[in-house]
Amino acid sequence: MSAKLLLGPILGLESDTLYTFVFVTDNNVQQCHVAVEGQNLEAVEIGSLSAGKVWKARIELETTGYLDYRITINGEDAADQQGQQLWTFYVPEQGEKPRLAYASCNGFSDYKMMNATEKPYYLWREMHAQHQQAPFSLLLMGGDQVYADSIWSQVPTLQRWNELDKEQKITRQVSKEMRNQVTRFYSQLYLARWNKAPMAAMLASVPSLMMWDDHDIFDGWGSYPDDLQSCPVYQCIYEAAREVFTLLQLRGSDNHGLLAGEQGCDFSFALRFRDYHILALDNRSERSLSQVMSDNCWAHVTDYLDSQCQQGDLLVMTAVPVVYRDFSFAERAVDATPWQEELTDDLKDHWRAKEHEGERARLIMRLIDNAKQRQGKTVLLSGDVHVGALGVIRAPQSQGVVKIHQVVSSGIVHPAPTFMQWLGICAITNDDLEYIDEGEQITASMLRPFGSAKYIRARNFVSMCQGDDGKLWVNWLIEGKDKPSYPIN
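Per chain, the residues get numbers from 1 upward, laid out in the order the sequence is written. With the structure being a predicted model, the display of local features is reserved for residues of pLDDT at least 70 and the display and counting of side-chain atom pairs for 80 or more, all residues being used for whole-chain, interface and lining totals. Here the side-chain values reflect all heavy atoms present in the structure, with hydrogen atoms and water set aside.

A. Structural view of the overall build of the protein chain. When helices and strands are tallied, the protein chain shows 14 helices and 24 strands. For 489 residues, the compact-globule formula gives about 23 Å, and the C-alpha radius of gyration of the protein chain, at 22 Å, lands near that figure. Its C-alpha atoms give the protein chain principal-axis dimensions of about 65 × 60 × 45 Å. The contact criterion used throughout is that any non-hydrogen atoms of two residues lie within 4.5 Å. For the protein chain, long-range pairs separated by at least 24 residues make up 73% of all intrachain contacts whose partners lie at least 6 apart in sequence. Helix numbers and strand numbers start at the N terminus; a helix is a DSSP run of H or I with at least 4 residues, a strand a run of E with at least 2. The atom set for the radius of gyration is the C-alpha atoms, and the globule formula is 2.2 Å times the number of residues raised to the power 0.38.

Okay, structure coming up:
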């Protein structure tokens, strides 16, 4: 009988050639190895969950093509939760145009929605089927890799805390019992969600890069009033979510791509993969009603763009879309009402919220300046809004126009808004042409992908690959008959 992994393996990437293997075992395990490409790598324990130990191995790979790997626990071959003991992944040639996948919103915001969805992991199976036909070299996941909103109903001490009035909530200290329950909740959540067979197969066979969003903590994190955001209970929840995110999504605080290093307060990271620069912005760790990223985080991002990102194409992961519908009318209406606080987290979470407009403009201008120097494609990858969409920022220059495209893919598991919900969203928002600068030269607008409506109101994920025509072809794989696509030039 083989040893059993509690979770994993989960493949990762920290540079063009540095691959990682992460997995979870029970607490009795003392020694683990990963056998790949003729090497027997010793795995290092990088932390623990309430369920067990988290292990990681690294390897620099110059070999390309299909590679097999195994995991041994205390000298015995290990199997995953589906009983598999041998896994395979694909490393593209140096001159090859790799196929990339992008997905977000991997879960449900409530159980009623989950129970109403007939095939929750349908698109994961579709992605795996595509991978079998033509391999993906990298999977990008842009936020809400788990949905932790059930924490309020599944953790008994938080249920009792929720019954207090606001002043008591803010001052109430965290008990040892609450801390243990919260820690156990996040550990069990990841194991339950990521062990689903279709997703587990992809995580084991395609290296993934992940950046969190609010539901990886709980809905609206970072967009609540400061007194609530900083209270002991909220901070206890954040610390527990952060710990599991660091171990399983980031694959350890020693990740080589972290812009701020191991001791940083934010998790923004960047790396080069073949001809792509990939920059993932952490828009949650230091978020508040008045900022999305701290000055320190901005300094690291700016330094990376100025010093290391000077040629090739740039993919920027930012969970909430930078180019999307305008919610300012709804925001002004809510600001004028006594029930502002109830809806604050929904409206203030958008880049176009009035408190974040300056930072949004700062990001857009930085990316425009970088694109002018780099002379390559710039693509924003986002999720969050539970529809697929496409936008573009246009900025004139002496030799033509600089374009930054926005690709929105959401969600791979979370359902799209119903028809009536979408009518309500459209009634309080608009997608009019937006002028970014006072001279009305820099504009942002929504585009319609080929083969679909402007907004893809169906579950979806995206595949991306550069074609022989030099364009980056973006294809939305949706739960439905349409086949939306768009060539980014």
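What follows continues from the structure just given.
B. How the structure looks around the sheet that holds strand β15 (residues 276–280). Taken together, the eight strands give an open sheet; going across it, the order is β14-β15-β16-β17-β19-β18-β21-β20, and neighbouring strands pair in mixed fashion. In this open sheet, the two strands that pair with only one neighbour each are β14 (269–273) and β20 (434–435). Two strands form a pair only when DSSP identifies at least two bridges running between them. Where strand β17 (residues 378–382) lies against strand β19 (residues 400–408), five bridges are found, and the strand directions are parallel. Each residue of the ladder has a partner; that of Ser382, found in β19, is Val408. Convention adopted: a line fitted to C-alpha atoms gives each axis, helices being fitted over their contacting stretch, and angles between N-to-C directions are expressed from 0 to 180 degrees. Packed onto the sheet, helix α10 (residues 295–307) meets β14, β15 and β16 (313–317) and runs at close to 175 degrees relative to β15. Against the sheet, helix α13 (residues 357–374) touches β16, β17, β18 (389–397), β19, β20 and β21 (443–447), its axis set at about 125 degrees to β19.

C. Just the side chain of Thr318, in detail. Mapped onto the secondary structure, Thr318 falls in the loop between β16 and α11 (328–335). Polar contact is the term for a pair of N or O atoms within 3.5 Å; when the atoms are in protein, one must be able to donate a hydrogen and the other to accept it, and sequence-neighboring residues count only if both atoms are side-chain atoms. A distance of 2.8 Å separates the side chain of Thr318 from the side chain of Asn283, its partner in a polar contact. Of the polar contacts made by the side chain of Thr318, one reaches the side chain of Trp351; its length is 3.2 Å. The contacts of Thr318, once residues within four sequence positions are left out, are Leu281, Asn283, Trp351, Leu380, Leu381 and Ser382.

D. Fine view of the nonpolar core. Judged by nonpolar contacts, the single largest core of 117 residues is most densely connected at Tyr186 and Leu248. In contact with Tyr186, other than residues within four places in its own chain, are Ala148, Ile151, Asp216, Ile217, Ile237, Ala240, Ala241 and Val244. The nonpolar core is taken to be a set of buried Ala, Val, Leu, Ile, Met, Phe, Trp, Tyr and Cys residues, with the residues joined through side-chain atoms within 4.5 Å. Between buried and exposed lies partly exposed: a residue is buried under 20% and exposed over 50% of the maximum accessible area for its type, with that area taken using a 1.4 Å probe on protein chains only. One finds Val301, Cys309, Val322 and Ile368 within the second-largest nonpolar core, a separate group that totals 42 residues.

What is shown is where atoms sit, not what they do.
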